[in-house]
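# Observations on the model geometry
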Amino acid sequence: MNNELKELYQQVILDHNKSPRNYGKPGEFNHSAEGYNPLCGDHVDVYLVVDEGIVKDVRFEGSGCAISKSSASLMTTIVKGKTVEEAESLFEDFHDLVTGKLTDEEKIASLGKLGVFQGVRDFPARVKCASLPWHTMKSALRDEPTKVTAEP
Amino acid sequence: MINTSTKTKTDASENLILKDTSGFDAGSIRKDFPILNTTVHGKPLVYLDNAATTHKPLVVIEKTREYFEETNSNIHRGVHFLSQKATNEYEEAREKVRSFINAKSLKEIIFTKGATESINLVASTFGRMNINAGDEIIISYMEHHSNIVPWQMLTQEKGAVLKVVPINDHGELEMDKLPGLISEKTKLISIVHVSNSLGTINPVKEIIDLAHSKGIPVLVDGSQSIQHLKIDVRELDCDFFVFSGHKLYGPTGTGVLYGKEELLESMPPYQGGGDMIAAVSFEKTLYNELPFKFEAGTPNIAGMIGLGAAIDYVRGIGIEKIASYEKYLSDYAASHFVDIPKFRPIGSAKEKVSVFSFILAGIHPHDIGTILDFEGIAIRTGHHCTQPVMKRFNIPATARVSIAMYNTKEEIDHFVRAINKVFEVFA
């Protein structure tokens, strides 16, 4: 397989695509948002339970490509237990990572598993796939009522 | 129909250019399209996204270049040599379009920037004039968004109603439902000739005859038929016919609205400006005659002249010959696609053009598109601006292969082989 493709479709990504974690609408949640990419039809709902500034639970539901699905799945595993500020800060780092703005190796390493999405930066058309779940989560945390429509 | 002898591999199997047994020489056609020599990620380009836009033959590229080098001037207003030359070439392109679709008069050929603008023009003029509160417009479930949204905007503005002909599981219109949708309030039927996402060829003649028996005019969206089928607007007897030049091997930003002269005469102008007037004072403007009444402002002169060259090119080969070769390649493709594991075609109408929408169970079309791109293959993935169709089949998106006259059997083989790469990634 081509190297760039290998970078994009890493084993972790393929695994989360196949068996997404924290999938399905929870019985209880106090923040939610709907993300939608009108260009491709990708769709994701993010539900959060936030208590005293801490993300106690986060789940998602939707349909999309391997990149968007695995991004949503990994996001839920990483954000769970973080404070809202930490979650928002991770959003910024993730966004910089997939758009190629984040190049500091140490910083990338500190993102842990999220680093697998670094390959996305070579696929400008796929950046919105990876970032849609994160935009949606941010919108849910801020209780923004409008539908999220991915990258401008 | 597949000729079994064509399945034999030849020693030219490394070469994507090969003569076809139907007598159509795709190899020499390919030489007319410089872009087909492109490599993508180090592989020869295999362009299977022709329903999105077709490539341009050298004659179109050269004609456009020649226009800018030797003719460039504004039209319909100068007395100088170049302006006259530009006007002549622009109007010759109109004659080429007229003759290509067999319209009665040049007055019936309005130049626009594309099929979308052509439909919006009809909605803004014919629509605003004739559609009132409670009136009805009929479209179908398989329309491109460009034949949904303009009518939605109009019906919302007027308090009118949009009715939709349903489609069956094969992606064919449920024609038996159409008579029940027509009422005394129906003021227009606007229907796609060939579906861009399903490939279905709709029985537009039958629809037109039925509509006319009730005195209802019909607009036919020919964006996906003009490049595949012989179009005769007089034989169809459609009231409006629209298409985009860029899907007919012409430049982008070129489009056509055909309308019956008496209808166009009765319609108010679309945009106001230069060229669409006969005389202007601050009290009153006298509008220009057809077709100029609908062509305000300096148009895409080079583009329309390029479209004229594209039509000459297509006629030089013969649309019937193109159609027959595309049918041959489609049959070849269909016979090989069935062997692809997890392959589910979306759209299996009896009457189809060379457009294949499909999904692979468990693999999103976007991932298919990205992986095939690395094999040099260009396909379209997404909802194809037909979200109601996606909803009808309960899928978010499809991958779509659309074949043109310069495609070859070897490219289809390459595509089928490349699909294995998708399965390698998503093992």
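Predicted model, so just to flag it, every value in this text is computed and none were measured.

Attention shifts here to the packing of aromatic side chains. Geometrically, a pair of aromatic rings is defined through the distance of the ring centres and the angle of the planes. Residue and element names in this part refer to chain B. In this structure the tally under the stated criterion is 21 aromatic pairs over all chains. Seen in terms of ring centroids, Y90 and F111 are 5.3 Å apart; in terms of plane orientation they differ by 90 degrees. Their pairing is edge-to-face. Separated by 21 residues along the polypeptide, Y90 in helix α3 (residues 81-101) and F111 in strand β4 (residues 109-112) bring together distant segments of the chain. Classification of F111 as buried rests on a relative accessible area of 6%. A ring pair is formed by F126 and F240, whose centres lie 5.5 Å apart and whose planes are at 70 degrees; its orientation type is edge-to-face. Residue F126 is found in helix α4 (residues 115-130), and its partner F240 is found in strand β9 (residues 240-244); the two are separated by 114 residues along the sequence. F126 sits in the buried class, given a relative accessible area of 4%.

Moving on: the domain arrangement of chain B. Residues and elements named next belong to chain B. Here chain B is described as being made up of domain 1 (8-48 + 318-426) and domain 2 (60-316). Between the C-alpha centres of domain 1 and domain 2 there is a distance of 29 Å. Taken together, the contact pairs 36 residues of domain 1 with 30 residues of domain 2. Here domain 1 meets domain 2 over a buried area of about 2,700 Å², counting both sides, of which 58% is carbon and sulfur. For the domain 1 face of the interface with domain 2, the top three residues by lost area are I319, V353 and R392, together amounting to 23%. Linking domain 1 with domain 2 are one salt bridge. One salt bridge connects R392 with D169, and the closest N-O pair in it is separated by 2.9 Å. Between domain 1 and domain 2 we count 19 residue pairs in polar contact (both at pLDDT 80 or more) in total. Of all the elements in the fold, those that place two or more residues in the side of domain 1 that touches domain 2 are α11 (319-337), β14 (355-360) and α13 (387-392). By residue class, the composition of the side of domain 1 that touches domain 2 is 19 nonpolar, nine polar and eight charged.

A few words now on the side chain of S330 of chain B. Residue and element names in this part refer to chain B. Along the chain, the position of S330 falls in helix α11. Judged by its relative accessible area of 8%, S330 is buried. Excluding its chain neighbours within four sequence positions, the residues that come into contact with S330 are S354 and F356.

Right, let's talk about the environment of K352 of chain B for a bit. Residues and elements named next belong to chain B. Residue position: K352 is located in the loop between β13 (343-346) and β14. Along the chain, K352 and S118 lie 234 residues apart, while their C-alpha atoms are 25 Å from each other. Leaving out residues up to four positions away in the same chain, K352 has contacts with L198, G199, T200, I201 and G347. Among the polar contacts made by the side chain of K352, one reaches the main-chain carbonyl oxygen of G347 at a distance of 3.4 Å. Reaching out from K352, the side chain makes a polar contact with the backbone oxygen of V355 at a distance of 2.9 Å.

So, on to the pairing of strand β1 (residues 31-36) of chain A. Residue and element names in this part refer to chain A. Taken together, the six bridges between β1 and strand β2 (residues 43-51) define a ladder with antiparallel strand orientation. Bridge pairing in β2 places A33 opposite V46. Hairpin connection from β1 to β2: six residues lie between these consecutive antiparallel strands, with G41 at a positive phi of about 90 degrees.

Quick notes on the rules
- Residues numbered from 1 in each chain as written.
- Chains lettered and ligands numbered in written order.
- Predicted model: local features only at pLDDT ≥ 70, side-chain atom pairs only at ≥ 80, totals over all residues.
- Heavy atoms only, no water.
- Phe/Tyr/Trp six-rings, centres within 6.5 Å; stacked < 30°, edge-to-face > 60°.
- Helix = DSSP H or I, 4+ residues; strand = E, 2+ residues; numbered from the N terminus.
- Buried < 20%, exposed > 50% of the residue type's maximum accessible area, 1.4 Å probe, protein only.
- Domains from an automatic or database assignment.
- Contact = heavy atoms within 4.5 Å.
- Buried area = accessible area lost by both parts, 1.4 Å probe.
- Salt bridge = Lys/Arg side-chain N within 4 Å of Asp/Glu carboxyl O.
- Polar contact = N/O pair within 3.5 Å; in protein donor to acceptor, adjacent residues only side chain to side chain.
- Nonpolar A, V, L, I, M, F, W, Y, C, P; charged D, E, K, R; others polar.
- Pairing = 2+ DSSP bridges.

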